[in-house]
Number of protein chains: 2
Amino acid sequence: MPETEIDTLIRLFSRLPGFGVRSARRAVLHLIKKKETQLLPLSAAIQNVIDNICVCSVCGNLDSGDPCHICRDQRRDEGVLCIVQDVADLWAIERSAAFKGRYHVLGGLLSAIEGTGPEELRLPALEKRVREHNISELILALPATVDGQTTGHYIAERFKNLPVRISSLAQGIPIGGELDYLDDGTIQTALKARK
Amino acid sequence: MPETEIDTLIRLFSRLPGFGVRSARRAVLHLIKKKETQLLPLSAAIQNVIDNICVCSVCGNLDSGDPCHICRDQRRDEGVLCIVQDVADLWAIERSAAFKGRYHVLGGLLSAIEGTGPEELRLPALEKRVREHNISELILALPATVDGQTTGHYIAERFKNLPVRISSLAQGIPIGGELDYLDDGTIQTALKARK
């Protein structure tokens, strides 16, 4: 029997992160039952994203214009770039509303194991940006993993002869974090960095 | 700031069962990054479902034709109807490949608390089907809950003067079920129904 329309939709849903076949079935049935209020709006929203969302050629953000609304915003400090691995990290920092500079999305991390080199990331674009614009500071907001640290060291090394300051997000105990639930590495780092 | 295209899509995804804002963000970002291989196929599959899927006027199944492929299948026994609460239950029984009759989807259960009466369900349609066609057996495949049992009793009562046999799915220990993990009710029922 050929795959039905519903089966195709379930299969595509089940490929999404966090989804399995079972939850995909539930979601698809839910959508079909709420055709007017959920399925049709979802279809329109997907079409809007397909038609309008593109990668910002300046920073690598995803937005409905190129340059993106952050790169176009004259009120944001052009001289400070926050370096992130992924658009999801950019979104997280934007939600905190704590940063008023601009971003540079690497699109990944250097990885010896996966064979990801500087040319696979948006590092040449970052160097061009630092050389051609008046960038005073790069804030590394990279994950505290081996690959994150490797990438941070590489950036510090690559830009050490350019007049740009390089800083990293502070590491320590998360606000509201119970000591009991934190891993040893975090507690060790927080102890060493005590002030 | 007005809601962006991406925010709209995240909001609609976060309404799906099993999804929160966090998992919706992950799914949407994943889709945008895999535009060609996942976002475009998903959009097409949703459009196909919107254009083609309808409720079967005979049994209440969802399919791309009315009557549905099960109601059209002459090899399936027209005289035996399996009564289910929801299309999801019909799918589950079809996956088991153990049933070669036809279905009747109630679209819910009688519920005093939620005020669901027989007219809200597809019970009049069931009575019409039993009276006008040569139905010999109704198999109640309803959940083993208070509402499921109430609905089962109601159906047995409503059809008791018609020449149709009424049966229910057997209750007991699931195949592969560890006694240790089963609830008391299941063990009690299995003990009483021992053979």
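For the structure, see preceding data.
What this report covers is the structure whose coordinates are included nearby. Quantities reported herein were computed from a predicted structural model and do not represent experimental measurements.

**Some thoughts on the sheet that holds strand β6 (residues 165-168) of chain B**
Residue and element names in this part refer to chain B.
Line of reasoning, step 1. Strand order in the open sheet made by the 4 strands is β4-β3-β5-β6, with parallel pairing throughout. At either end of the open sheet lies a strand with only one pairing partner, and these are β4 (102-105) and β6. Each adjacent strand pair in this sheet contributes to an overall mean axis angle of 25°, direction not counted.
Line of reasoning, step 2. Pairing analysis gives 4 bridges linking strand β5 (residues 137-141) to β6, with the strands arranged parallel. Its bridge partner being in β6, Leu-140 is matched across the sheet by Ser-168.
Line of reasoning, step 3. Relative to the sheet, helix α7 (residues 146-158) contacts β3 (80-84), β5 and β6, its axis offset from that of β5 by approximately 170°.

**Some thoughts on the sheet that holds strand β5 (residues 137-141) of chain A**
Residues and elements named next belong to chain A.
Line of reasoning, step 1. In spatial order, the strands read β4-β3-β5-β6; together these 4 strands make up an open sheet with parallel pairing. Two strands lie at the open edges of the sheet, namely β4 (102-105) and β6 (165-168), each paired on one side alone. Adjacent strand axes in the sheet meet at a mean angle of 25°, parallel and antiparallel pairs treated alike.
Line of reasoning, step 2. The pairing of strand β3 (residues 80-84) with β4 spans 4 bridges and is classified as parallel. Residue pairing across strands places Leu-81 opposite Arg-102, the latter belonging to β4.
Line of reasoning, step 3. Helix-sheet contacts for helix α6 (residues 123-132) involve β3, β4 and β5, and the interaxial angle to β4 is about 150°.
Line of reasoning, step 4. Across the face of the sheet, helix α7 (residues 146-158) comes into contact with β3, β5 and β6 while running at roughly 170° to β5.

**Examining the interface of chain B and chain A**
Line of reasoning, step 1. Taken together, the 44 residues of chain B in the interface contact 44 residues of chain A.
Line of reasoning, step 2. Between chain B and chain A, the buried area comes to about 4,200 Å², and carbon and sulfur atoms account for 75% of it.
Line of reasoning, step 3. Of all residues in chain B, Glu-5, Pro-17 and Trp-91 of chain B give up the largest surface area on contact with chain A, accounting jointly for 14% of the area buried on that side.
Line of reasoning, step 4. Between Lys-33 of chain A and Asp-86 of chain B there is a salt bridge whose closest N-O contact spans 2.4 Å.
Line of reasoning, step 5. Along the contact surface separating chain B from chain A lie 6 residue pairs in polar contact (both at pLDDT 80 or more).
Line of reasoning, step 6. Residue assignment for the side of chain B that touches chain A shows that the elements contributing at least two residues are α1 (5-14), α2 (21-33), α3 (35-52) and α5 (87-96) of chain B.
Line of reasoning, step 7. The residue makeup of the side of chain B that touches chain A, split by class, is 26 nonpolar, 10 polar and 8 charged.

**Some points on the relation of the copies chain B and chain A**
Line of reasoning, step 1. Its rotation angle being 180°, the transformation that places chain B on chain A also includes 0.0 Å of axial translation and leaves an RMSD of 0.0 Å. On this basis, the relationship between the two copies can be described by a two-fold rotation axis. Distance from the rotation axis, computed per C-alpha, reaches its smallest value in chain B at Ser-43 of chain B: 3.2 Å.
Line of reasoning, step 2. Same-surface contact between copies: 100% of interface residues of chain B are shared with the interface of chain A.

**So, the environment of Leu-40 of chain A**
Line of reasoning, step 1. Mapped onto the secondary structure, Leu-40 of chain A falls in helix α3 (residues 35-52).
Line of reasoning, step 2. Placed 104 residues apart in sequence, Leu-40 of chain A and Ala-144 of chain A show a C-alpha to C-alpha distance of 41 Å.
Line of reasoning, step 3. Among all residues touching Leu-40 of chain A, those that are not within four sequence positions of it are Lys-35 of chain A together with Ile-50 of chain B.

**Brief notes about the side chain of Glu-127 of chain A**
Line of reasoning, step 1. Summarising the element assignment, Glu-127 of chain A is placed in helix α6.
Line of reasoning, step 2. If sequence neighbours within four positions are ignored, Glu-127 of chain A has contacts with Arg-158 and Phe-159 of chain A.

**A word on the nonpolar core**
Line of reasoning, step 1. Ranked by internal contacts, the top residues of the largest apolar core, which has 76 residues, are Phe-13 and Leu-42 of chain A together with Phe-13 and Leu-42 of chain B.
Line of reasoning, step 2. Contact partners of Phe-13 of chain B, with chain neighbours within four places excluded, come to Phe-13, Leu-16 and Leu-42 of chain A together with Phe-19, Ala-24, Val-28, Leu-31 and Leu-42 of chain B.

**Considerations on the environment of Gln-38 of chain B**
Residue and element names in this part refer to chain B.
Line of reasoning, step 1. Looking at where Gln-38 falls in the secondary structure, it is placed in helix α3.
Line of reasoning, step 2. Among the residues examined, Gln-38 registers a relative accessible area of 10% and is labelled buried.
Line of reasoning, step 3. Taking the C-alpha atoms as reference points, Gln-38 and Ile-93, separated by 55 residues in sequence, lie 30 Å from one another.

**A word on the packing of helix α1 (residues 5-14) of chain A against helix α2 (residues 21-33) of chain A**
Residues and elements named next belong to chain A.
Line of reasoning, step 1. The interhelical angle for the contact between α1 and α2, taken along N-to-C directions, is 125°, at an axis separation of 8 Å. Comparing the axis directions of α1 and α2 gives the class oblique. The handedness of the crossing between α1 and α2 is right-handed. Listed contacts from α2 to Ile-6, Leu-9, Ile-10, Phe-13 and Ser-14 of α1 are Val-21, Ala-24, Arg-25, Val-28, Leu-31 and Ile-32.

**Some details on the pattern of salt bridges**
Line of reasoning, step 1. Taken as a whole and judged by the stated rule, the model has 18 salt bridges over all chains.
Line of reasoning, step 2. Two residues, Arg-75 of chain B and Asp-73 of chain B, come together in a salt bridge whose shortest N-O distance is 3.2 Å.
Line of reasoning, step 3. Relative accessible area serves as the criterion here: at 76%, Arg-75 of chain B is assigned to the exposed category.
Line of reasoning, step 4. We note a salt bridge from Arg-76 of chain B to Glu-94 of chain B, for which the minimum N-O separation is 2.8 Å. Remark: Glu-94 of chain B occurs in helix α5 and Arg-76 of chain B occurs in the loop between α4 (69-72) and β3; sequence separation between them is 18 residues.
Line of reasoning, step 5. Accessibility expressed as a relative area gives 10% for Arg-76 of chain B, which makes it buried.
Line of reasoning, step 6. Connected through salt bridges with shared partners, the residues Glu-127, Arg-131 and Arg-158 of chain A form a single ionic network.

What counts, and at which threshold
Residues numbered from 1 in each chain as written. Chains lettered and ligands numbered in written order. Predicted model: local features only at pLDDT ≥ 70, side-chain atom pairs only at ≥ 80, totals over all residues. Heavy atoms only, no water. Pairing = 2+ DSSP bridges. Helix = DSSP H or I, 4+ residues; strand = E, 2+ residues; numbered from the N terminus. Axes fitted to C-alpha atoms, helices over the stretch in contact; angles between N-to-C directions. Contact = heavy atoms within 4.5 Å. Buried area = accessible area lost by both parts, 1.4 Å probe. Salt bridge = Lys/Arg side-chain N within 4 Å of Asp/Glu carboxyl O. Polar contact = N/O pair within 3.5 Å; in protein donor to acceptor, adjacent residues only side chain to side chain. Nonpolar A, V, L, I, M, F, W, Y, C, P; charged D, E, K, R; others polar. Least-squares fit on C-alpha atoms with pLDDT ≥ 70 in both. Core = buried A, V, L, I, M, F, W, Y, C linked by side-chain atoms within 4.5 Å. Buried < 20%, exposed > 50% of the residue type's maximum accessible area, 1.4 Å probe, protein only. Parallel < 35°, antiparallel > 145°, perpendicular 65-115°, else oblique. Left-handed = near helix turned anticlockwise from the far one by under 90°.

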